[in-house]
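A look at the structure
Listed here are the chains, written in short residue letters.
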Amino acid sequence: MKYKANTPDEYIAQLPLERKEVIEKIRGIILQNLPNGFEEQLSYGMLGYVVPHSLYPAGYHVQAELPLPFINLASQKNFIALYHSGIYADPAIMNWFKNEYPIHCKRKLDMGKSCVRFKSMDDIPYKLIAELCTKMTPQEWISLYENNIKK
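Residues numbered from 1 in each chain as written. Predicted model: local features only at pLDDT ≥ 70, side-chain atom pairs only at ≥ 80, totals over all residues. Heavy atoms only, no water.

Examining the packing of aromatic side chains
Quick note on the threshold: Aromatic rings from Phe, Tyr and Trp, with only the six-membered ring used for Trp, were paired whenever their centres fell within 6.5 Å, and each pair was classed as stacked if the ring planes differed by under 30 degrees, edge-to-face if by over 60, and tilted otherwise. Secondary structure elements follow DSSP: runs of H or I no shorter than four residues count as helices, runs of E no shorter than two count as strands, and numbering proceeds from the N terminus. Burial classification: accessible surface area is computed with a 1.4 Å probe over protein chains only, and a residue below 20% of its type maximum counts as buried, one above 50% as exposed, and the rest as partly exposed. Only Lys NZ and Arg CZ are tested; either one counts as a charge over a ring when it is within 6 Å of the ring centre and within 35 degrees of the ring normal.
Scanning the entire structure with this criterion turns up seven aromatic pairs. Here the aromatic rings of Phe38 and Phe70 are separated by 4.5 Å at their centres, their planes lie at 15°, and the arrangement is stacked. Separated by 32 residues along the polypeptide, Phe38 in the loop between α2 (17–33) and β1 (39–43) and Phe70 in strand β3 (residues 68–75) bring together distant segments of the chain. Owing to a relative accessible area of 1%, Phe70 belongs among the buried residues under this scheme. Here the aromatic cluster, defined as three or more aromatic residues joined through ring pairs, consists of Phe38, Tyr56, Tyr60, Phe70, Trp141 and Tyr145. In this structure, Arg117 packs its charged tip against the face of Phe79, placed 6.0 Å from the ring centre. Here Lys135 stacks its cationic end above the ring of Trp96, 4.2 Å away from the centre of that ring.

Describing the sheet that holds strand β5 (residues 115–118)
What counts is decided by this rule: When DSSP locates at least two bridges between a pair of strands, those strands are taken to pair. Only the stretch in contact is used when a helix axis is fitted, and all axes are lines through C-alpha atoms; the angle between N-to-C directions ranges over 0 to 180 degrees.
Ordered in space as β1-β2-β3-β4-β5, the five strands form an open sheet in which the pairing is antiparallel. Bordering the open sheet on either side are β1 and β5, each of which pairs with just one other strand. Put simply, the sheet's adjacent strands are angled 25° from each other on average, direction ignored. For β1 and strand β2 (residues 46–51), the ladder comprises five bridges, and the chain directions are antiparallel.

Right, here's the structure in full:
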């Protein structure tokens, strides 16, 4: 769903209560567990966690004026979506996540390339999300990103 907001707080304020609580909890987990250097902002109409231009002046290759995206969090029509670029770009993180998911969640993993969809608000693997956030520093993401866009 599209929300008209200029800040993460404005985005969250528009959510239905059951979604607001879950998004706020995931947001807190991301902010507590992401390595130093990532910044929170509104990105692509979602909560975004990016490598700022101060660390990576080149920005996102598709639109260089944008900072390099890493994680996005959104309330979609039928689910909450967590987009994690490291999962898509690093097979080791992808394999780790797929192996850990059933340990933390009783529902089947619903995942696209970088998108993990949570359709049930009562079975979100918060501890797994926290650990996922610690798996890559901004410098590691920049290196992996640059290696992948050169291919």
